[in-house]
Amino acid sequence: MSTAATTATNDGAKNLAVFDEIKTAILHVQKILIISHKSPDADTIGANLALREALENLGKTVESACINPVPQNCLFLKKSDTFLSDFEPSSYDLIITVDCGGYKLTGFTDKKPVLLDRHATNLINIDHHPSNDHFGRVNLVMSETPSTCFILFLMFTYYGWDISPEMATAMLHGIYYDTGSFMHSNTTAATLRVAARLKALGADLEKCTKEQFHTSPINKLRLYGRALSRASINSKNAVISILTKEDFYELGASQEDASGLINYLNHVPQTKFSLLLTEDPSGLIKGSLRTQDEQIDLSEIAQLFGGGGHKKAAGFSIKGSLSPKTTWQIN
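Along every chain, residues carry numbers that run from 1 in the direction the sequence is written. Local features in a predicted model are, by the rule used here, given only for residues with pLDDT of at least 70; side-chain atom pairs are given and counted only at 80 or more, and totals for whole chains, interfaces and linings are based on all residues. For the side-chain quantities, the full set of heavy atoms in the structure was used; hydrogens and water were omitted.

1. Here we look at helix α1 (residues 12–27)
Stated precisely, the cut-off is as follows: Under the DSSP-based scheme used, a helix requires at least four consecutive residues in state H or I and a strand at least two consecutive residues in state E, with every element numbered from the N terminus. Each residue after the first adds 1.5 Å to the expected span of a helix. The cut-offs for exposure are 20% and 50% of the maximum accessible area for each residue type, with area from a 1.4 Å probe on protein chains only; residues under the lower value are buried, those over the upper are exposed, and the others partly exposed. It is the directions from the helix axis to the C-beta atoms whose arc is reported.
Between its first and last C-alpha atoms α1 spans 23 Å; for 16 residues at 1.5 Å apiece the expected length is 22 Å, and the two agree. Residues of α1 that are buried include every one of Asn-15, Val-18, Phe-19, Ile-22, Ala-25 and Ile-26, and no others. The buried residues of α1 occupy an angular sector of 130° when projected down its axis, which confines them to one face.

Structure follows, in structure tokens:
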């Protein structure tokens, strides 16, 4: 992969220059694909759909892709039912990834290595994760921002592009999710100002709130109960729990139903961090990490397993399976 690329990260002047470069790239092409990361969440889906509408308003032909299905809490968003699960990279003039903290998180690069060839593929990488490996020809990585949807709001405002109520809802949905309903430490005054502006532009905050945090089917609640009943604190003062593929089968739950569970494990005071290991039928174990400790950088831990994320919230996926281990002692 060529190393010739434009990158902006944590530098205001450079970010504006890359904003300009991205706009120029968009205006000079017609057919565009926007890719969300695998195991998608509200930020990557919201960013995809908001950007898609903005580009369609310019007369571009735009499609959305994600290797996994759109989560239930995003299905109310406009065009959320039109995502492709496969595509031919050469069919597009420009490809944009949103919220992909590393090239592996697109889910497509193993089978489509041409995506990483900067000579063959015109790829723009827009993201907010500090662990981002700058895999695009153009890289806009603003790790000081709370979400990729937040970055898009800044871009659209800088360009002077109109933001419809549907776009505003999609972006607020992503910001609301990645800030944990404005409870995480990445909720700054700027975050709330942008959220207020999106609300004023017609964003449906009530719908975002309901879909993300006030809609829990009984099988999801039972899944939470099983994981919480297994929670323990290990010798490293970390809260750990697991969910096996059998748990999902027995309870009639989906992998998506485990979303948000890690935040409950992170509520235990005076612990260093929390870890949820989730097994899926394909032979992968997903690790979700959260912490309230300012001295711990979870993105460094996740990178040891090929993952990434933020200082206080990170994750990874590895091949394997979970099996119980029981120890006994005489008292």
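That was the structure; now back to the text.
2. Considering the nonpolar core
Using the following cut-off: Each nonpolar core is a collection of buried residues, namely Ala, Val, Leu, Ile, Met, Phe, Trp, Tyr and Cys, held together in the definition by side-chain atoms within 4.5 Å. Should any heavy atoms of two residues lie within 4.5 Å, those residues are considered in contact.
In this structure, Ile-22, Met-155, Phe-156 and Met-171 are the most contacted members of the largest nonpolar core, which totals 50 residues. Those residues in contact with Met-155 that lie beyond four places of it in its chain are Phe-19, Ile-22, Ile-126 and Leu-140. Core analysis: the second largest hydrophobic core is formed by 13 residues, Ala-227, Leu-243, Phe-248 and Leu-265 among them.

3. Thoughts on the environment of Leu-322
Within the secondary structure, Leu-322 is located in the segment after β12 (313–319). Assessed through its relative accessible area of 23%, Leu-322 is described here as partly exposed. Spatially, the C-alpha atom of Leu-322 lies 31 Å from that of Glu-211, the residues being 111 residues apart in sequence. Not counting residues within four places of it along the chain, the set of residues in contact with Leu-322 comprises Ile-242, Leu-243, Thr-244, Leu-277, Glu-279 and Ile-285.

4. Some thoughts on the sheet that holds strand β10 (residues 284–290)
Which entries qualify depends on this criterion: Note: two strands are recorded as paired if DSSP finds a minimum of 2 bridges between them. Axes here mean lines fitted to C-alpha atoms, for a helix over just the part in contact, with angles spanning 0 to 180 degrees between N-to-C directions.
The sheet built from 6 strands is open, its strands ordered β7-β8-β9-β10-β12-β11 with mixed pairing. A single partner strand is all that each edge strand has here, and the edge strands are β7 (232–233) and β11 (308–309). Here 6 bridges tie strand β9 (residues 273–279) to β10, and the two strands are oriented antiparallel to one another. When the bridges of β10 are listed, Leu-275 appears paired with Leu-289. On top of the sheet, helix α7 (residues 218–230) reaches β7 and β8 (238–243); it is set at about 135° to β8, its chief contact.

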